[in-house]
Amino acid sequence: MKCAFMQRFGSFVHLLLILLAVSSCTTPPARPLAPLILVSIDGFRWDYLQKYDAPTLKALAAGGVHAQRLTPSFPSKTFPNHFTLATGLRPEHHGIVSNYFFDPAFNASFNKNSPADNADPRWWQQGEPIWITAEKQGVRSACYFWPGSEAEIHGTRPSFHLTYDGKQTSNQRVDGLLAWFDLPAAQRPRFGVLYLEVVDVVGHRAGPDSPETAAAVKEADDAMARLLAGLSSRGLRDQTNLVIVSDHGMSEQSADRVIFVEDLMNVSQVQVESTGPNGGVRPRPGTVTPAELAASIRAKAPPALKVYLREEVPAQFHYRDNPRIPPVVLVADDHWNIESRLGWTKFANSYNRGNHGWDPATPNMGALFLASGPAFRRGHELADVDNIHLYNLLCRVLGLQPAPNDGDDRLAREVLAR
Ligand code: AMP
Ligand code: ZN
Ligand code: ZN
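Residues numbered from 1 in each chain as written. Chains lettered and ligands numbered in written order. Predicted model: local features only at pLDDT ≥ 70, side-chain atom pairs only at ≥ 80, totals over all residues. Heavy atoms only, no water.

Enquirer: Explain the coordination of the zinc ion (ligand 3) to me, please; I cannot follow it from the model alone.
Expert: Tetrahedral coordination by four donors sets the ideal angle at the metal to 109.5 degrees; octahedral coordination by six donors sets it to 90 or 180 degrees. Looking at the zinc ion (ligand 3), the protein donor atoms are D200 (OD), D200 (OD), H204 (NE2) and H356 (NE2), and they sit 2.0 to 2.5 Å from it. Mapped onto the sequence, the residues coordinating the zinc ion (ligand 3) show the spacing D-x3-H-x151-H. Between the two metals, the zinc ion (ligand 3) and the zinc ion (ligand 2), the spacing is 4.1 Å. Here the residue H204 occupies a position in helix α9 (residues 198-206), and H356 occupies one in the loop between β17 (354-355) and β18 (369-372), the gap between them amounting to 152 residues. In terms of burial, H204 and H356 fall into one category: buried. (Donors = N, O, S within 2.8 Å, 3.2 Å for Na, K, Ca; no water. Helix = DSSP H or I, 4+ residues; strand = E, 2+ residues; numbered from the N terminus. Buried < 20%, exposed > 50% of the residue type's maximum accessible area, 1.4 Å probe, protein only.)

Enquirer: Can you help me understand the site of ligand 1 in this one?
Expert: As a matter of local geometry, ligand 1 sits amid 13 residues, with T78, N99, Y195, D200 and H204 nearest to it. Residue T78 places a side-chain N or O atom 2.6 Å away from an oxygen atom belonging to ligand 1. Across the complex, the protein chains shield 87% of the 500 Å² of accessible surface that ligand 1 would expose by itself. For the shell around ligand 1, the secondary structure elements donating two or more residues are α4 (78-87) and α9. Ranked by the residues each element gives to the shell around ligand 1, the list is headed by α9, at 3 residues. Across the shell around ligand 1, the residue classes break down as 4 nonpolar, 5 polar and 4 charged. (Near = heavy atom within 4 Å. Polar contact = N/O pair within 3.5 Å; in protein donor to acceptor, adjacent residues only side chain to side chain. Areas by Shrake-Rupley, 256 points an atom, 1.4 Å probe, with all protein chains shown as cover. Nonpolar A, V, L, I, M, F, W, Y, C, P; charged D, E, K, R; others polar.)

Enquirer: When you look at the side chain of T56 in this model, what are you seeing that I'm missing?
Expert: You can see T56 is positioned in helix α3 (residues 55-63). The contact partners of T56, leaving out residues within four places of it in the chain, are D221, M224, A225 and L228. (Contact = heavy atoms within 4.5 Å.)

Enquirer: Looking at this structure, how should I read the sheet that holds strand β7 (residues 160-161)?
Expert: In a beta sheet, neighbouring strands are held together by backbone hydrogen bonds and run either parallel or antiparallel to one another. Taken together, 8 strands build an open sheet; the order of strands is β7-β6-β8-β1-β9-β18-β2-β19 and the sheet is mixed. Either end of the sheet is taken by a strand with one partner, and the two such strands are β7 and β19 (380-382). Strand contacts of α3: β1 (36-41), β2 (65-67), β9 (241-245) and β18, with the helix running at about 70° to β18, the strand carrying the most contacts. Relative to the sheet, helix α10 (residues 211-233) contacts β1, β8 (191-196) and β9, its axis offset from that of β1 by approximately 170°. (Pairing = 2+ DSSP bridges. Axes fitted to C-alpha atoms, helices over the stretch in contact; angles between N-to-C directions.)

Enquirer: Please clarify how unusual backbone geometry should be interpreted in this entry.
Expert: The bulk of non-glycine residues show a negative phi, and the bulk of peptide bonds are trans. P75 follows F74 through a cis peptide bond whose omega is -5°. Mapped onto the elements, P75 comes out in the loop between β3 (70-71) and α4. One non-glycine residue with positive phi stands out, namely N107, at about 50°. Taking the relative accessible area as the measure of exposure, N107 reaches 61% and is therefore exposed. A positive phi angle is found at H154, which is not glycine, with a value near 50°.

Keep in mind these numbers describe shape, not what the thing actually does.
Below is the structure:
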């Protein structure tokens, strides 16, 4: 039996409890208005932090949180992984399944170097990147380059974005990002995104163990020092949360560790959709079935090559669930590549010394994760963590409700200040 108080105020108390419960589920973090800056240093292998001279990054890691390795998603290439970092989705779910891929429904190919493809919404609709989540929930965002940031997604765009220009120096990009934080308060972004590629570009050309890559790491580190100085001079340094990641690592390769597609299959019967550390082939209509193609490639494949039907790609690669994935997937061992003989003699002489795209569990494919600022614990090292969990962490720092994704809250639970 209810007491008189409960009879009179029971429904009111009930309502109050519901309101309290709802507000505690959606309570933003302690400092909801603190700016957040997400930086990607493309191709920064996890161990470059110790291997090379990176005093700014080391100090940020020491004073904040730092993972041993950020494990990329398959394939460990730039576009799939930047969109995974931004969406929390595996490439099979966000649809940017490689740097180059074919969509059977569009009967068209995506090319990461095409400005039109970068800006064309149809390629990018399968995932919701963090800057779109932010804008939808009233947080202004500014992207200084990032794969996917040039396209309108779900009818929304970041408040500020740019057409990609690979010629811009790291410092120009830092200055450009900082200029957005000089805008009047009503226009100023709260969430900034910055993309630097020098470490990747030089890592390919000269290899991960070269003095050139050491110098590229120093250039990226100097750019981070410039970013911190710029935040300090604006009075923003102490309140700003910084998350610095990379998309994958880098491993050595050489022209004498190459497997040629022409030695594995009748190339007139297939569309070769990508080559490199991993590759994909699709039978042309009316030729062979994917199963026949896979069986015949397997019969000729050297030990350094794994051949999978899309449905049989190992579960840990999370790489089956999208028609954009080629029906036959080829994965070479670390240091090995799949190439075409077309133009090879010329190409072989200038073959890059470094590459990525191999199995994400390969130690050399490990990427960078560190974060620093008022939202984060201080001086905390964590073990390897999958890059699908970054999106949920960024949402927590910005006080956003995340879109459905493949990650969970394990990274946020471990690195956020209590
Ligand atoms: P990869 O190393 O083959 O995975 O591709 C990485 C390269 O793609 C970078 O070093 C840049 O040169 C280039 N890149 C990065 N972002 C973009 C972009 N948004 N649009 C076009 N090219 C890009
Ligand atoms: Zn990359
Ligand atoms: Zn690269």
